[in-house]
Structure formats: C-alpha cells, structure tokens
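Per-entry structural report
In case you want the letters, here they are:
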Amino acid sequence: MDERKRGEVFAFFWFVVSVLTFLALFSYHSEDISFEVSTPNSPALNFVGVAGAYMAWALTFLFGRTSYFLVPLFLIWALAKWSGKKGQKLWLKIFSTVIFFTSACALFSLVGRATEINSFQSGGFIGFFVAIFLTRLFGNAGFFVALSLFILSVILTTELLVLQMVVELFQRGKKAV
C-alpha cells in the first residue's frame, strides 16, 4: 500500500476513534457498569454499547473531565494524516501525549480543587495524584509548572507551530486594518 493510501486509512481510523470516543463519553451512565451498581442497565444506555460504557468509565476514572480532550486530539491527528503531513517519530508522539494528558489532568485537578471530590472528578486518578505531587514539590507554583508542561505538550502532541500561527494572525490583522 502506498504512503498516501496508508495516510487516508489512518486518518479515517483516527476520525472513527474520535467519534466513538465522543459518543461513549457523552452518553456515559455509571448505571451501565456492573461493578458501579448491583443491577446494571440492560441493555446499556451508552450509545456505543457495553464497550463504550466501560471505555468511558475507564477514561473518566483515569483522566476525569480531561478525557474529552481525546476527541479533538484524535481529530487533529486525523486531519494531519488526511493532509498528508509527515508525522513525528512514534516515541516523540507517545511521550508528548503522556505529558499532555498528565499535565492537563493536573491542571484540571488544580483548578477544581474546591473539594477532593471535585479535584478527582476534574482530573481523574492521574490528575488528582499529580496535582498533589506538584503542590507538595512546588507549592502554588505547581499550577505554573503544570500549565507550562501543558502548553509545551500541546505544541508537540498536535504538531502545531504556534509562532507560525501568531505571525499569520498578525499579518491577517494588518490586512484587515
């Protein structure tokens, strides 16, 4: 299979994964999960079925509300593949994605810190404990550390060139004036 065809296949794959992830997260009901309630819904109320219910439960447990970031991330990857853009090395993409979600979960957890329950729901298991670690290590500057890592990881994960986008916005602004 030539490179262009393979890119289109991967683009379609990431698009489908993005849509299924969104539908699973959007229609998540804890009553669909057998170890959350004594009598789970039968059939599952999740739009993606039982598999979607368990996927949404796992993502919500691990990442909290940050799990919704998966949807645009997968879409960006699909668009990058569809455009034929040469991707990053696999190890860099995996590393930057791990940093992206870890820092995003910590940020959400730090922002939702009113109670421990809010903190856990916002950032999930990962964000809750990373936020505790960052605040113990850096104090209030832990938020700045998480924010800096998040911005850096957005650049690496999405392969967006921020400086190029800012220059382009300024040029468009000059043309409009």
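Cut-off values and rules
Residues numbered from 1 in each chain as written. Predicted model: local features only at pLDDT ≥ 70, side-chain atom pairs only at ≥ 80, totals over all residues. Heavy atoms only, no water. pLDDT = per-residue confidence, 0-100. Helix = DSSP H or I, 4+ residues; strand = E, 2+ residues; numbered from the N terminus. Expected span 1.5 Å × (residues − 1). Buried < 20%, exposed > 50% of the residue type's maximum accessible area, 1.4 Å probe, protein only. Contact = heavy atoms within 4.5 Å. Core = buried A, V, L, I, M, F, W, Y, C linked by side-chain atoms within 4.5 Å. Axes fitted to C-alpha atoms, helices over the stretch in contact; angles between N-to-C directions. Left-handed = near helix turned anticlockwise from the far one by under 90°. Nonpolar A, V, L, I, M, F, W, Y, C, P; charged D, E, K, R; others polar.

1. Brief notes about the confidence of the model for the protein chain
Within the protein chain, residue pLDDT values average 86, and 94% of them lie at 70 or more. Within the protein chain, the element-level pLDDT minimum falls on helix 7 (residues 162-176), averaging 71, and the maximum on helix 2 (residues 49-63), averaging 93.

2. Digging into helix 4 (residues 90-111)
Look at helix 4: 31 Å from first C-alpha to last across 22 residues, which is about the 32 Å you get at 1.5 Å a residue. Of the positions making up helix 4, those classed as buried are Lys93, Ser96, Thr97, Phe100, Phe101, Ser103, Ala104, Cys105, Ala106, Leu107, Ser109 and Leu110. The inward-facing, buried residues of helix 4 abut helix 2, helix 3 (70-82), helix 5 (116-138) and helix 6 (142-158).

3. Some words on the nonpolar core
Residues Phe101 and Ala146 are the most contacted members of the largest nonpolar core, which totals 20 residues. Those elements that place two or more of their residues in this core are helix 1 (3-26), helix 2, helix 3, helix 4, helix 5 and helix 6. Among the elements that make up this core, the one with the highest residue count is helix 4 (7 residues).

4. A few points about the packing of helix 4 against helix 6
Relative orientation of the contacting elements helix 4 and helix 6 amounts to 145 degrees, with a least axis distance of 8 Å. Taken as a pair, helix 4 and helix 6 cross one another with a handedness that is left-handed. Seen from helix 4, the contacting residues are Ser96, Thr97, Ile99, Phe100, Ser103, Ala104, Ala106, Leu107, Leu110 and Val111; seen from helix 6, they are Gly142, Phe143, Ala146, Leu147, Leu149, Phe150, Ser153, Val154, Leu156 and Thr157. Within the contact of helix 4 with helix 6, the residues separate by chemical class into 14 nonpolar, 6 polar and no charged.

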